[in-house]
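# A look at the structure
Residues per chain are reported as follows:
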Amino acid sequence: MLLASAIAVPSFVRSYRGAKLRTSARAVVMSHRYARGTAVLKQVEVAVLYDAKKNTIEIVSVTDPAAARNHDQVAEERARAAEDLAKVTAAGGAEPPPRPAGAVASELVRRLAEGVSIVNFESEKVEQEKDGLYWVRYYSSGMCDEYSVELVDEYNKSATVKVDSISGKAKVEYD
């Protein structure tokens, strides 16, 4: 009995150590899938926010501002935007004012497991990082910005989640 427990206990401890990292990696993958599905089903832009300071993952959707207004209001806004563009063009060709953003609604917030942190985020788009907050945009077509997120636990084991922008496949690599 002692021999069996001497063999089983270290294996169990190693398995338990990696459970938090695996759980957090699965949370990243599931957040990716949820955001992609929400963007396609609701036909809205969705963003996944990775907060390295709070160790959270938040999914937010951005509704189209035109969807909440009636046809007459949208027509008036388009007419005003066309007038503004004509004025700007006549004044020297500066850029037109930005289009108003839609309403942002938080869909889901998830904490990473205790002891697991986000240590690296890589994306082709440089503007997707600000002071430890990283974000990825998901489009209504099902595509997203290509990115990878590296997680590390308290035992210095790491997991990297890589997401392909076109296929939407998420691959997890453990180190």
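Residues numbered from 1 in each chain as written. Predicted model: local features only at pLDDT ≥ 70, side-chain atom pairs only at ≥ 80, totals over all residues. Heavy atoms only, no water.

### A closer look at the environment of Glu107
Going by this rule: In this description a helix means any DSSP run of H or I spanning at least four residues, a strand means any run of E spanning at least two, and both kinds are numbered starting from the N terminus. Contacts are assigned to residue pairs with any non-hydrogen atoms lying within 4.5 Å of each other.
Its location among the elements puts Glu107 in strand 3 (residues 104-111). Glu107 sits 48 residues away from Ile59 along the chain, and the two C-alpha atoms are 5.4 Å apart. Setting aside chain neighbours within four positions, we find Glu107 in contact with Tyr34, Thr38, Lys42, Ile59, Val60 and Ser61.

### Section: the nonpolar core
If you look at soluble globular proteins, the nonpolar side chains tend to sit buried side by side. The criterion, for reference: We call a set of buried Ala, Val, Leu, Ile, Met, Phe, Trp, Tyr and Cys residues a nonpolar core when their side-chain atoms join them within 4.5 Å. Relative accessibility under 20% of the residue-type maximum defines a buried residue, over 50% an exposed one, and the middle range a partly exposed one, all with a 1.4 Å probe and only protein chains included.
The biggest cluster of nonpolar side chains holds 27 residues, and the ones touching the most others in it are Tyr50, Tyr138, Tyr147 and Leu151. Looking at this core, the elements with two or more residues in it are helix 1 (2-42), strand 1 (45-51), strand 2 (56-62), strand 4 (117-123), strand 6 (133-138), strand 7 (147-152) and strand 8 (158-163). If one sorts the elements of this core by residue count, helix 1 sits on top with seven residues.

### Re the confidence of the model for the chain
This is how it is decided: A residue's pLDDT is the confidence the predictor assigns to it, expressed on a 0 to 100 scale.
Confidence along the chain averages 82 in pLDDT terms, with 75% of residues attaining 70 or more. Throughout residues 94-100 the model reports pLDDT below 50, and contacts reaching past four residues in sequence, or to other chains, amount to eight contacts.

### Section: the packing of aromatic side chains
Basically, it comes down to this: Any two rings among Phe, Tyr and Trp, with Trp reduced to its six-membered ring, count as a pair given centres within 6.5 Å; such a pair is stacked if its planes are under 30 degrees apart, edge-to-face if over 60, and tilted if neither.
Evaluated as defined, the whole model comprises four aromatic pairs. Ring centres of Tyr50 and Tyr147 lie 5.9 Å apart, and the angle between their planes is 50 degrees; this geometry places the pair in the tilted category. Taken together, the residues Tyr50 in strand 1 and Tyr147 in strand 7 connect sequence positions 97 residues apart. Of the two residues, Tyr50 and Tyr147, neither departs from the other in class, the shared state being buried.

### Considerations on the pattern of salt bridges
Pairing is possible between side chains of opposite charge, provided their charged atoms come close. The criterion, for reference: Basic side-chain nitrogens of Lys or Arg form a salt bridge, by our definition, when they fall within 4 Å of a carboxyl oxygen of Asp or Glu.
Enumeration according to the criterion identifies five salt bridges in this entry. Between Arg137 and Glu45 there is a salt bridge, with the nearest N and O atoms lying 3.0 Å from each other. Note that Arg137 is positioned in strand 6 and Glu45 in strand 1, a separation of 92 residues in sequence. By relative accessible area, Arg137 is classed as partly exposed at 33%. For Glu45, a relative accessible area of 33% corresponds to the partly exposed category. Here Lys162 and Glu173 are joined by a salt bridge, their closest N and O atoms 3.6 Å apart. In this pair, Lys162 sits in strand 8 while Glu173 sits in strand 9 (residues 170-174), placing the two residues eleven residues apart along the sequence. Taking relative accessible area as the criterion, Glu173 reaches 35% and is therefore assigned partly exposed.

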